[in-house]
Amino acid sequence: MDLGIKGKRALVCASSKGLGLGCAEALAEAGVDLIMSARGAEALEAAAADLRARYGVSVTTVACDVTTSEGQAEMLAAADNPDILVTNAGGPPPGVWSDWDRDDFIAALDANMLTPIALMKACLPAMMDRRWGRVVNITSQSVKAPIPALGLSNAARTGLTGYVAGTARQVAPSGVTINNLLPGIHDTDRAMALDGNVSRAQNISVEQAREQREGTIPTRRYGTAAEFGATCAFMCSVHAGFMVGQNVLLDGGATNATI
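For the structure given in this document, a descriptive report is provided here. In this text the structure is predicted, and so the values were computed from the model without any measurement. (Residues numbered from 1 in each chain as written. Predicted model: local features only at pLDDT ≥ 70, side-chain atom pairs only at ≥ 80, totals over all residues. Heavy atoms only, no water.)

Okay, the state of the cysteines next. Tallied over the full model, the rule gives zero disulfides. Free of any disulfide, Cys64 has its nearest cysteine sulfur in Cys13, 7.9 Å distant. Cys123 carries a free sulfur, and the closest cysteine sulfur to it, the one in Cys13, is 8.4 Å from it. Here Cys123 falls in the buried class, since its relative accessible area comes to 1%. (Disulfide = S-S within 2.5 Å. Buried < 20%, exposed > 50% of the residue type's maximum accessible area, 1.4 Å probe, protein only.)

This part is about helix α8 (residues 225-235). Think of an α-helix as 3.6 residues a turn; residues three or four steps apart then line up on the same face. Those residues of α8 that sit buried are Phe228, Gly229, Cys232, Ala233 and Met235. Take α8 and look down its axis: the buried residues cluster within an arc of 155 degrees, on one side only. Against the buried residues of α8 lie α1 (18-29), β4 (84-87), β5 (133-138), β6 (176-183) and β7 (247-250). (Helix = DSSP H or I, 4+ residues; strand = E, 2+ residues; numbered from the N terminus. Arc of directions from axis to C-beta. Contact = heavy atoms within 4.5 Å.)

For Ser142, the position within the fold is in the loop between β5 and α5 (151-171). Looking at Ser142, the relative accessible area reads 2%, which means it is buried. Within the structure, the side chain of Ser142 is placed 3.3 Å from the side chain of Asn154, a separation counted as a polar contact. Leaving out residues up to four positions away in the same chain, Ser142 has contacts with Ile147, Ser153 and Asn154. (Polar contact = N/O pair within 3.5 Å; in protein donor to acceptor, adjacent residues only side chain to side chain.)

As a further point, take empty space enclosed by the protein. For the structure on display, the rule yields one cavity of 30 Å³ or more. The volume enclosed by the largest cavity comes to roughly 60 Å³. If you go around the largest cavity, the residues you meet are Thr87, Asn88, Ala89, Ala111, Asn112, Thr115, Pro116, Ile138, Arg157 and Leu160. Elements supplying a minimum of two residues to the lining of the largest cavity: α4 (102-130) and α5. With four residues, the top contributor of residues to the lining of the largest cavity is α4. Among the residues making up the lining of the largest cavity, the classes are represented as five nonpolar, four polar and one charged. (1 Å grid on protein atoms, 1.4 Å probe; cavity = no way out; pocket = protein on both sides within 12 Å on 5 of 7 lines; lining within 4 Å. Points joined across faces, edges and corners; volume = space filled by probe spheres on them. Nonpolar A, V, L, I, M, F, W, Y, C, P; charged D, E, K, R; others polar.)

Moving on to the sheet that holds strand β3 (residues 59-63). The parallel open sheet is built from seven strands, whose spatial order is β3-β2-β1-β4-β5-β6-β7. The two strands at the open ends of the sheet, each matched to only one other strand, are β3 and β7. The mean inter-strand angle of the sheet, taken between neighbouring strand axes irrespective of direction, is 15 degrees. Where strand β2 (residues 33-38) lies against β3, five bridges are found, and the strand directions are parallel. Bridged to Ile35 within β3 is Thr60. Across the face of the sheet, helix α3 (residues 69-79) comes into contact with β1 (9-12), β2 and β3 while running at roughly 165 degrees to β3. (Pairing = 2+ DSSP bridges. Axes fitted to C-alpha atoms, helices over the stretch in contact; angles between N-to-C directions.)

Turning to its location among the elements, Ala145 is positioned in the loop between β5 and α5. For Ala145, a relative accessible area of 29% gives the class partly exposed. Along the chain, Ala145 and Ala257 lie 112 residues apart, while their C-alpha atoms are 8.4 Å from each other.

This part covers the pattern of salt bridges. Within the structure shown, the criterion is met by eight salt bridges. A salt bridge links Arg210 to Glu214; the nearest nitrogen and oxygen atoms lie 3.1 Å apart. Of this pair, Arg210 and Glu214 are both found in helix α7 (residues 206-214), four residues apart, which corresponds to roughly one turn of the helix. Overlapping salt bridges, with partners in common, bring together Glu25, Asp50 and Arg54 in one network. (Salt bridge = Lys/Arg side-chain N within 4 Å of Asp/Glu carboxyl O.)

Let's shift gears to the packing of α1 against helix α2 (residues 41-55). Two measures define how a pair of helices packs: the angle their axes make with one another and the distance between the axes. Axis separation between α1 and α2 bottoms out at 10 Å; the angle between their running directions is 20 degrees. In this view, α1 runs roughly parallel relative to α2, as classed from their interaxial angle. Crossing hand, α1 versus α2: right-handed. Every residue of α2 that contacts α1 at Leu21, Ala24, Glu25, Ala28 and Glu29 is listed here: Ala47, Leu51, Arg54 and Tyr55. (Parallel < 35°, antiparallel > 145°, perpendicular 65-115°, else oblique. Left-handed = near helix turned anticlockwise from the far one by under 90°.)

Among the nonpolar cores identified, the biggest contains 32 residues, and Leu27, Leu34, Met36 and Ile84 are the most heavily contacted of them. Contributing elements (two or more residues each) for this core: β1, α1, β2, α2, β4, β5 and α8. Here this core takes six residues from α1, the largest share from any one element. Residues within four places of Ile84 in sequence aside, it is in contact with Ile5, Lys8, Arg9, Ala10, Leu11, Leu27, Val32, Met127, Trp132, Arg134 and Cys236. (Core = buried A, V, L, I, M, F, W, Y, C linked by side-chain atoms within 4.5 Å.)

Below is the structure:
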């Protein structure tokens, strides 16, 4: 399917690896020029070089911390009013309710709620002026069904979801769509870290921890960055102009809900 976005420009946050890289690659395959950001310059440059070579698109890199105002300013300057914005940031650490204090919640809100809001506020006006734009926020399945050990993420990402619900409907008349893409367990460094936590807590091997979690997913496997990216690219395409303020769950059926 031709996604109709060849020649558009996309700012893809935290895209040197994992789900962010999956999104960047799918957009590059569709002919979209990229502005990629990540904290680690070496991995970022390697990923950018690979996408340039394979897809022939322009790729600009910004090594920064997306959760800081300085990093956001650097990214936005490089992106210069992109047509597409994909927000993404690593999730806060797991724990239990008694572990977290105010500073922990502020850090989680900064990374997973206030950062994407700041980037949207910066990019939306030009999108609205052009009468076309796409925003996809990578959040989590936890906004549909909270995960007890991820209370910081539950809180911050659910707050972003509420913000998007109202904002998406305000900008839709200008041809701009905002939607959220909710990953379940995917085969990424984040999943490996969580498997490691389970391994240590239950005194089992990492392989056993993974098998245990795969058993809770109807597909009996983790998702891949490639299929996640393909979904993101469709949500950024000309075919998704009637999709507004939605939370698209990509979790292999793990979230047991009717709607």
